[in-house]
Amino acid sequence: MCGIVGYTGYRQCTPILLEGLKSLEYRGYDSSGIAVLENDSLHVEKAEGRLAVLADRLQEGVLLPGKTGIGHTRWATHGKPSDENAHPHVSENGKIAVVHNGIIENYRKLKEELIGKGYHFVSDTDTEIFAHLLDYYFRGNILEAIYKMMRKVNGAYALGILCDEMPGTVIAVKKDSPLVVGLGKDENFIASDVPAILKHTRTVFYPEDGEIVILRPDSVEVYGKDGERIEKEVEAVAWDASAAEKGGYPHFMMKEMMEQPRAMADTILPRLAGSVAQPEISGLSEAFLRNVDKIYIVACGSAYHVGVAAKYILEEMTGKNVEPDLASEFRYRVPILTEHSLVIIISQSGETADSIAAMREAKRRGAHVLSIVNVLGSTIAKESDDVLYTWAGPEIAVATTKAYSAQLCAVYVLALYIAEILGTINLEEAERFAAALRALPEKAEELLSEHSKIQYAASRLSSSHNIFFIGRNLEFAAAMEGSLKLKEISYIHSEAYAAGELKHGTISLIEEGTPVVALMTSGALTDKMRSNIREVKARGAFVLALADVDVEIGEEADVVLRIPKTHHLLRTSLAVLPLQLLAYYVALVRGCDIDKPRNLAKSVTVE
Ligand code: F6R
């Protein structure tokens, strides 16, 4: 979490930094700050609250002139949101300013050591360590100071640094936290994520852990772990700046929900040749797949819900044993992994701390790691054995929608691919599945065009205190995601239950008017779901049913939303769309900050 930016060039930097921070606010938004180096003097301004507070205080940049600077938007880990705890942090003599994304694990010990050396701390953050430690080691050579600092500090960091003895220079270094360097003409940039610099340049490179980058207006130098100069390969970012803007929608979340048909199509269509799946992965040979004893799917949050759906899909299509697991649990248990295990890590950002740790643990234990990732060049994409990218484009709203949908589509392609290699699907069934996949984006489009019933349901649900989501099998996976969407952006407590499990305790919470969102499948489980709905209805529940077009439903439900017919394994993809819209409209009625829900950040780079 937290977002950092840096600029050096020929223009006034504060407006550029403020604008960059605005597009990084999804990473944290409880306070922000900017440091500017004007000739050889450092000026810092910070403010608790949203970026707008800082922008106001600086009159959009007028009050902080200078052409070299760093900025930060914070998601508190150490110390509450406040002016003092906001970054940048500055050494006591005012020589060095630092912005930091990440977390220092041994900061208590380092803080004690520095206090013992006479340093005074003014914040409760771990980051302030960097300012004092760099000051302690700085003897005129910033590279040497950073190498010494890196040897002392354990943890994750991407740092932007200014030093008053280096006018016109921004210094950056990273370990286990994301950092991108943008190259312009007579100006250069750093940022936690590409959207922060897209307006100015699409030419970028991604420093590796331990590399130090020295940026001046007309040069960018990179130094390796042993002080050697490194030439980096630059890349052109395919997205244009408009991909990271709202494009006329009131919120990024609405824009991103509406982009789902495109994200689905981009993730599926280039990978289908007739009925044959052709994902660009090379590590899953037939011999390996035949011997796979178990497939683990490891992820966090919504990406984990994709993993739950993937269990049903992969088990049915490939006949392999599949176990979804939360990355934060997986990394600390003793999973049985051999060279015959396949571990699939799912992550939008590719930078989620627990997912990275789980991936490394799986690799250490000899498993083959395939990742499903949205952000090119991210840590998980770089370190896994195979990557299957989701082509969702930049996702800015904190609550994921299009990345979730694209992840599911990547799972469908992967399942078809494995099933075809193993021969667990026959040609006719493969053709049926591929045709359904091709039709999925259009059905999603159809479903996303109908809002009025959802808005009505949202107004009925908006003053509730508890909402339950129930479903069976794949609809249970969709229910989990619908429930998370609702609670994270509307702050209404909600729970998802496998419908058959409700009567084993939780049904005691159902009383007159309690909303229950029930996902009705067609097929073998329709009657089971009908009974579950009657059970809650009999106890006074207000039932909102999501049902396939051909499922008959009458008195049991108060509101019915219809889902177009699709292949039974693809239903989750459609069922989740009205649930996302429902969460959105409930949050809207309640006046919540939809794109930036409280206490959250987009990319969870801390444990
Ligand atoms: C919820 C949400 C989170 C993420 C989770 C994993 O809307 O976005 O639950 O799914 O933090 O993040 P990634 O996919 O970046 O690893």
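On a predicted model such as this, the values are computed, not experimentally measured, just so you know.

Cut-offs and rules
- Position labels on residues start from 1 in each chain and follow its written sequence.
- Where totals are concerned, whole chains, interfaces and linings use all residues; where local detail is concerned, this predicted model gives features only for residues with pLDDT of at least 70, and gives and counts side-chain atom pairs only at 80 or more.
- Side-chain measures were taken over the full set of non-hydrogen atoms in the model, leaving aside hydrogen atoms and water.
- Here a Phe, Tyr or Trp ring, Trp counted by its six-membered ring, pairs with any other such ring whose centre lies within 6.5 Å, and the pair is stacked when the planes are under 30 degrees apart, edge-to-face when over 60, and tilted otherwise.
- A ring is considered to have a charge above it if a Lys NZ or an Arg CZ atom is located within 6 Å of its centre and within 35 degrees of its normal.
- Two strands qualify as a pair provided DSSP detects at least 2 bridges between them.
- Runs of H or I in DSSP of at least four residues are treated as helices and runs of E of at least two as strands, each being numbered from the N terminus.
- Being near a molecule or strand, for a residue, comes down to having at least one heavy atom within 4 Å of it.
- Any pair of nitrogen or oxygen atoms within 3.5 Å is treated as a polar contact; in protein, a donor-acceptor pairing is required on top of that, and neighbouring residues in sequence qualify only through side-chain atoms on both sides.
- Note on areas: Shrake-Rupley with a 1.4 Å probe; residue coverage comes only from the protein chains shown.
- For this classification, the nonpolar set comprises Ala, Val, Leu, Ile, Met, Phe, Trp, Tyr, Cys and Pro, the charged set comprises Asp, Glu, Lys and Arg, and every other residue, Gly included, is treated as polar.
- An automatic or database domain assignment provides the domain bounds reported here.
- What counts as an axis is a line fitted to C-alpha atoms, over the stretch in contact for a helix, and the angles between N-to-C directions run from 0 to 180 degrees.
- Should an angle lie under 35 degrees it is considered roughly parallel, over 145 roughly antiparallel, and from 65 to 115 roughly perpendicular; all remaining angles are considered oblique.
- Two helices crossing with the near one rotated counterclockwise from the far one by less than a right angle form a left-handed crossing, whereas a clockwise rotation gives a right-handed crossing.
- The contact rule is simple, with two residues in contact once any of their heavy atoms fall within 4.5 Å.
- Each reported salt bridge corresponds to a side-chain nitrogen of Lys or Arg within 4 Å of a carboxyl oxygen of Asp or Glu.
- Exposure categories follow from relative accessible area, calculated using a 1.4 Å probe and restricted to protein chains: below 20% of the type maximum is buried, above 50% is exposed, and the middle band is partly exposed.
- Two cysteine sulfur atoms form a disulfide, by the criterion used here, when they sit within 2.5 Å.
- For our purposes a nonpolar core is just a set of buried Ala, Val, Leu, Ile, Met, Phe, Trp, Tyr and Cys residues, chained together by side-chain atoms within 4.5 Å.
- Multiply 1.5 Å by the residue count of a helix minus one, and that product is the helix's expected span.
- Fitting axes to the seven residues ending at a residue and to the seven starting there, one defines the bend at that residue as the angle between these axes.

(A) Broad picture of the packing of aromatic side chains. Applying the stated criterion across every chain, the model contains seven aromatic pairs. Relative to Y585, the ring of Y584 has its centre 5.2 Å away and its plane inclined at 90°; by these criteria the two rings are edge-to-face. The ring of Y491 is capped by R598, whose NZ or CZ atom sits 3.8 Å from the centre of that ring.

(B) A look at the sheet that holds strand β12 (residues 212-216). Spatially, β5-β6-β7-β8-β12-β13-β14 is the arrangement adopted by the seven strands of the open sheet, whose pairing is antiparallel. Since the sheet does not close on itself, it has two edges, and those belong to β5 (89-90) and β14 (229-230), each with one partner. Looking at chain direction, strand β6 (residues 96-104) and strand β7 (residues 155-163) are connected through nine bridges and run antiparallel. Within the sheet, the bridge partner assigned to G102 lies in β7 and is Y157.

(C) The site of the ligand, seen in detail. Of all residues adjacent to the ligand, which total 15 residues, the nearest are S347, Q348, S349, T352 and E488. Measuring from an oxygen atom of the ligand, one finds a backbone N or O atom of S302 at 3.1 Å. Here an oxygen atom of the ligand and a side-chain polar atom of K485 are 2.9 Å apart. Isolated, the ligand exposes 410 Å² of accessible area, and the fraction of that covered by the protein chains is 90%. If you list the elements that add at least two residues to the shell around the ligand, you get α9 (301-318) and α16 (474-490). Of the residues that constitute the shell around the ligand, the class distribution is six nonpolar, seven polar and two charged.

(D) Structural view of the domain arrangement of the chain. Each assigned domain of the chain is listed here: domain 1 (3-244), domain 2 (252-448) and domain 3 (452-589). Computed from C-alpha coordinates alone, the two centres of domain 1 and domain 3 are separated by 45 Å.

(E) Structural context of the packing of helix α13 (residues 402-422) against helix α14 (residues 427-448). Running from N to C, α13 and α14 cross one another at 165°; their axes reach a closest spacing of 11 Å. Classified by the interaxial angle, the pair formed by α13 and α14 is roughly antiparallel. As for the relative orientation of α13 and α14, their crossing is left-handed in sense. Every residue of α14 that contacts α13 at C409, Y412, L416 and E420 is listed here: A430, F433, A434, L437 and L440.

(F) Looking closely at the pattern of salt bridges. As enumerated under the stated definition, the model contains 43 salt bridges in all. In this structure, R571 and E475 form a salt bridge, with 3.7 Å as the shortest nitrogen-oxygen distance. Placement of R571 in helix α18 (residues 571-589) and of E475 in helix α16 is noted, with a sequence separation of 96 residues between them. Residue E475 is classed as buried on the basis of its relative accessible area, which comes to 5%. Note that D558 is salt-bridged to K537, the shortest N-O span being 2.7 Å.

(G) Local environment of the state of the cysteines. For the coordinates displayed, the defined rule picks out zero disulfides. Distance from the sulfur of C300, which forms no disulfide, to the nearest cysteine sulfur (C2) is 18 Å. C300 gets classed as partly exposed once you look at its relative accessible area, which sits at 25%.

(H) Representation of the nonpolar core within the structure. Formed by 128 residues in total, the largest nonpolar core has its most connected members in I344 and V517. The element that contributes the greatest number of residues to this core is α13, accounting for 14 residues. Among residues more than four places away in sequence, those in contact with V517 are L461, I467, F468, F469, I470, L544, L546, L579 and L582.

(I) Structural context of the pairing of strand β4 (residues 68-74). Of all the seven residues making up β4, seven are buried; the element is thus mostly covered by neighbouring parts of the structure. Side-chain alternation along β4 places T68, I70, H72 and R74 on one buried face and G69, G71 and T73 on a second face that is also buried. Direction of pairing for strand β1 (residues 3-8) relative to β4: antiparallel, over a ladder of six bridges. What sits directly across from T8, in β4, is T68. For strand β2 (residues 31-38) and β4, the ladder comprises six bridges, and the chain directions are antiparallel. By the bridge assignment for β4, S32 is matched with T73.

(J) A look at the pairing of strand β3 (residues 41-48). With eight bridges joining them, β2 and β3 adopt antiparallel strand pairing. In the strand pairing of β3, S31 is matched with E48. Following β2, the chain reverses through two residues before pairing antiparallel with β3; N39 in that reversal takes a positive phi of roughly 55°.

(K) Representation of α9 in the model. If you check α9, its first and last C-alpha atoms are 25 Å apart, about what 18 residues at 1.5 Å a residue would give, namely 26 Å. Remark: the principal bend of α9, roughly 30°, maps to A310. In terms of burial, α9 is largely enclosed, as 13 of its 18 residues are buried. Of the residues flanking the end of α9, it is G319, one or two places downstream, whose phi is positive at about 70°.

(L) Spotlight on the packing of α14 against α18. For the pair α14 and α18, the least separation of the axes is 10 Å and the interaxial angle reads 25°. Our classification of the angle between α14 and α18 gives roughly parallel. For the crossing formed where α14 meets α18, the hand is right-handed. Counted together, L440, K443, A444, L447 and L448 of α14 and S573, L574, L577, P578 and L581 of α18 form the full contact between these two elements. Broken down by class, the residue content of the contact of α14 with α18 amounts to eight nonpolar, one polar and one charged.

(M) Just unusual backbone geometry, in detail. Between H87 and the following residue, P88, the backbone shows a cis peptide bond with an omega angle of 0°. With respect to the secondary-structure elements, P88 resides in the loop between β4 and β5. Here the phi dihedral of D186 falls at roughly 60°; this positive angle occurs in a residue that is not glycine. With respect to the helices, strands and loops of the structure, D186 is situated in the loop between β9 (180-183) and β10 (188-191). When its relative accessible area of 41% is taken as the criterion, D186 is described as partly exposed. With a phi angle near 65°, Y491 is a residue other than glycine that sits in the positive phi range. Looking at Y491, the relative accessible area reads 25%, which means it is partly exposed.

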